[in-house]
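Examination of the molecular architecture
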Amino acid sequence: MWTRIRWTVLGCSREGIARFMSCALALAMAVSCQAQSQESTLRLPPVAGLDEYVPIPEDNPLTREKIELGRRLFFDALLSRDRTIACASCHQPARAFSDSARVATGVRGQTRGRNVPTLVNRAWGAAFFWDGRAASLEETVLQPIQNRAEMDLPLPELLRRLRENPDYHRMFVEAFAEAPSGENVARALASYVRTLRSGNSPLDRYRAGDAGALSPQARRGLALFVGKANCSACHIGPNLTDERFHNTGVAAHSGDPGRSRLTGRREDWGAFKTPTLREVARTAPYMHDGRFGTLEQVIEFYDRGGNSNRNLDPELRPLRLAAEDKQSLLAFLQALSGEVEPQRTQTRAGASAAGCEPWSTQPPNAVDVAVTPSASRPYRRPRRAPDFIASVPRIAPRPHNLPASRRRSRRPRRL
Ligand code: HEC
Ligand code: HEC
């Protein structure tokens, strides 16, 4: 009985005879795998340091056809009114799916007041956009297409373009057994975005037991991150975000109401979603308005205790970090860059030439997936990556730096 068929390019090149056998098996199975893939739910292969469980909505199971269609759409400027801008123009693979501009530039050079966030590990997201105005990836991905300052393409016009294109028409039928619709565009794009994952960073290797993966300076940075600098009050969990909204005072004087535009609550004014810090060294500039060009500036900002305003989060306060502390924090933030899937598959050209994984020959971003027929093995129980915060020796703040009212909040929250 085949309960699980796993065929990756990595498997072909690395591990001798056993792997060779599995490749031969995969080749033998290739025809039947393709035949069954439309009904099968795909399971993404685990990435070191991330939760093994990738939440996938029940009404949009992952399939190869959807991911491939989503990838094609993501890189296609046909999704913008004047056919000049693709999702990938702003979410650039080489910059961990963000870009280098302070704020996003859409069609006709229009700018919006917000910085392009990375898309890595959004499969685990609980709220989307800086103010959390979307609750799922499916809900998120159609917005930039229709947004006048981004791609500015009304949905009916997009669907007309897709239906006229025989390639797209075929791909939609393969993925959904029906012609292009707004819902299916959203499902395909969301499926692709779920495959964009970053893990196996020096931090992850360190946590897995490779003591040399973090430099002594970065290790010190980690102890500060969870201790005196208190970053882990909000940047916590495998993704270094609590997925909640906080007022750090970035927008104290700029007028972006942030979260309060949705909730209407005064206390949410100026609150924004804690972003992941994975790949942060590659996603400059920083903050929802891109105001800081470097991580050094971000660290200075936190050292000041953020920008004071009436809603400032109680976890922020002047830190009085020494120059050496700031350097250590920086070294730690730089150790959060790992491997971004599925780009990694591109480098495995040799193995794919052997014919082991036909999928990975498709540039630029073929996706490396483990195939698990959904009926044979239920995939429900969440398995969380262990919380590294709990086990790290911390550099504690000197108690006299803390007002009594805040001392109790020093312990990092668990997600
Ligand atoms: C003009 C630049 C631009 C284009 C084109 C663009 N985006 Fe974005 N994207 C942004 C900005 C800016 C944000 C943050 C907006 C906000 O929070 O208000 C964002 C946010 C997102 C988010 C939410 C991320 C998070 O962490 O909450 C997703 C998902 C996303 N975009 C996917 C896409 C997809 C899919 C496309 C193509 C259909 C696309 N984007 C096209 C600029 C762009
Ligand atoms: C009170 C919660 C909180 C604490 C504590 C906190 N952060 Fe943040 N962090 C946020 C929020 C919220 C944002 C987004 C703010 C915005 O854009 O307005 C952010 C943004 C960032 C960014 C920018 C990321 C990007 O992609 O733009 C970096 C880097 C960062 N924080 C690092 C740190 C470090 C280092 C510390 C500790 C010194 C820290 N944070 C402490 C909540 C927090």
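Model, not experiment: these values are computed from the prediction.

**A word on the overall build of the protein**
The helix and strand inventory of the protein stands at 17 helices and six strands. Here the protein holds 415 residues, and the buried ones make up 42% of them. For the protein, the share of sequence-separated contacts (at least 6 apart) that also reach a separation of at least 24 residues comes to 70%.

**Some words on the site of ligand 1**
In the vicinity of ligand 1 lie 29 residues, with Cys87, Cys90, Phe129, Trp130 and Pro144 positioned nearest. Looking at the shell around ligand 1, the elements with two or more residues in it are helix 4 (87–90), helix 5 (137–141), helix 6 (143–146) and helix 9 (182–194). Residues of the shell around ligand 1, tallied by class, amount to 19 nonpolar, six polar and four charged.

**Structural notes on the packing of helix 11 (residues 216–225) against helix 14 (residues 323–334)**
The interhelical angle for the contact between helix 11 and helix 14, taken along N-to-C directions, is 100°, at an axis separation of 7 Å. Here helix 14 runs roughly perpendicular to helix 11, going by the angle between their axes. Across the interface between the two elements, Gln217, Ala218, Arg220, Gly221, Leu222, Leu224 and Phe225 of helix 11 pack against Asp325, Gln327, Ser328, Leu329, Ala331 and Phe332 of helix 14. Across the contact of helix 11 with helix 14, the residue classes tally to seven nonpolar, four polar and two charged.

**Things to note about the nonpolar core**
Counting 42 residues, the largest nonpolar core has Leu73, Leu79, Ala188, Leu189 and Val193 as the members making the most contacts within it. Elements supplying a minimum of two residues to this core: helix 3 (64–74), helix 4, helix 5, helix 7 (155–164), helix 8 (166–176) and helix 9. Element by element, the count of residues in this core is highest for helix 9, at seven residues. Core analysis: the second largest hydrophobic core is formed by 25 residues, Leu203, Ala233, Cys234 and Val298 among them.

**Considering the environment of Ala175**
Inspection of the secondary structure puts Ala175 in helix 8. On the neighbour-count criterion, Ala175 (22 C-beta atoms within 10 Å) is buried. Placed 111 residues apart in sequence, Ala175 and Arg64 show a C-alpha to C-alpha distance of 8.1 Å. In this view, Ala175 contacts Thr63, Glu65, Lys66, Leu69 and Ala188; residues no more than four positions away in its chain are not counted.

**Section: helix 14**
The first and last C-alpha atoms of helix 14 sit 17 Å apart over 12 residues, in line with the 16 Å expected at 1.5 Å per residue. The set of residues buried in helix 14 consists of Asp325, Lys326, Ser328, Leu329, Phe332 and Leu333. The buried side chains of helix 14 occupy one side of the element, clustering within an arc of 160° when seen end-on. Turned more than 90 degrees from where helix 14 packs its buried face, Ala323 and Glu324 sit exposed.

**Considerations on the site of ligand 2**
Taken together, 27 residues are adjacent to ligand 2, and Cys231, Cys234, Val250, Met287 and His288 come closest. With four residues, helix 13 (residues 295–303) is the largest single contributor of residues to the shell around ligand 2. Classifying every residue of the shell around ligand 2 gives 18 nonpolar, seven polar and two charged.

**Here we look at the packing of helix 3 against helix 9**
Interaxial distance between helix 3 and helix 9 falls to 7 Å at its minimum, and their mutual angle equals 95°. Between helix 3 and helix 9, the interaxial angle falls into the category roughly perpendicular. Along the contact surface, helix 3 presents Lys66, Ile67, Leu69, Gly70, Arg71, Leu73 and Phe74, while helix 9 presents Val185, Arg187, Ala188, Leu189, Ser191 and Tyr192.

**A look at the confidence of the model for the protein**
For any part of a model where pLDDT is low, the fine detail of the predicted coordinates should not be relied upon. Of all residues in the protein, 73% have pLDDT values of 70 or greater, and the mean over the chain is 81. Under a pLDDT of 50 for its full length, residues 344–382 has, in the predicted model, 76 contacts with residues more than four places off or in other chains.

**Here we look at the environment of Asp152**
Structurally, Asp152 is set in the loop between helix 6 and helix 7. Residues Asp152 and Val107, 45 residues apart in the sequence, show an inter-C-alpha distance of 7.1 Å. Aside from chain neighbours lying at most four places away, what touches Asp152 is Ser80, Arg81, Gly106, Val107 and Asn147.

Parameters and conventions
- Residues numbered from 1 in each chain as written.
- Chains lettered and ligands numbered in written order.
- Predicted model: local features only at pLDDT ≥ 70, side-chain atom pairs only at ≥ 80, totals over all residues.
- Helix = DSSP H or I, 4+ residues; strand = E, 2+ residues; numbered from the N terminus.
- Buried ≥ 20, exposed ≤ 12 C-beta atoms within 10 Å, placed from the backbone.
- Contact = placed C-beta atoms within 7 Å.
- Near = placed C-beta within 6 Å.
- Nonpolar A, V, L, I, M, F, W, Y, C, P; charged D, E, K, R; others polar.
- Axes fitted to C-alpha atoms, helices over the stretch in contact; angles between N-to-C directions.
- Parallel < 35°, antiparallel > 145°, perpendicular 65-115°, else oblique.
- Core = buried A, V, L, I, M, F, W, Y, C linked by C-beta atoms within 7 Å.
- Expected span 1.5 Å × (residues − 1).
- Arc of directions from axis to C-beta.
- pLDDT = per-residue confidence, 0-100.

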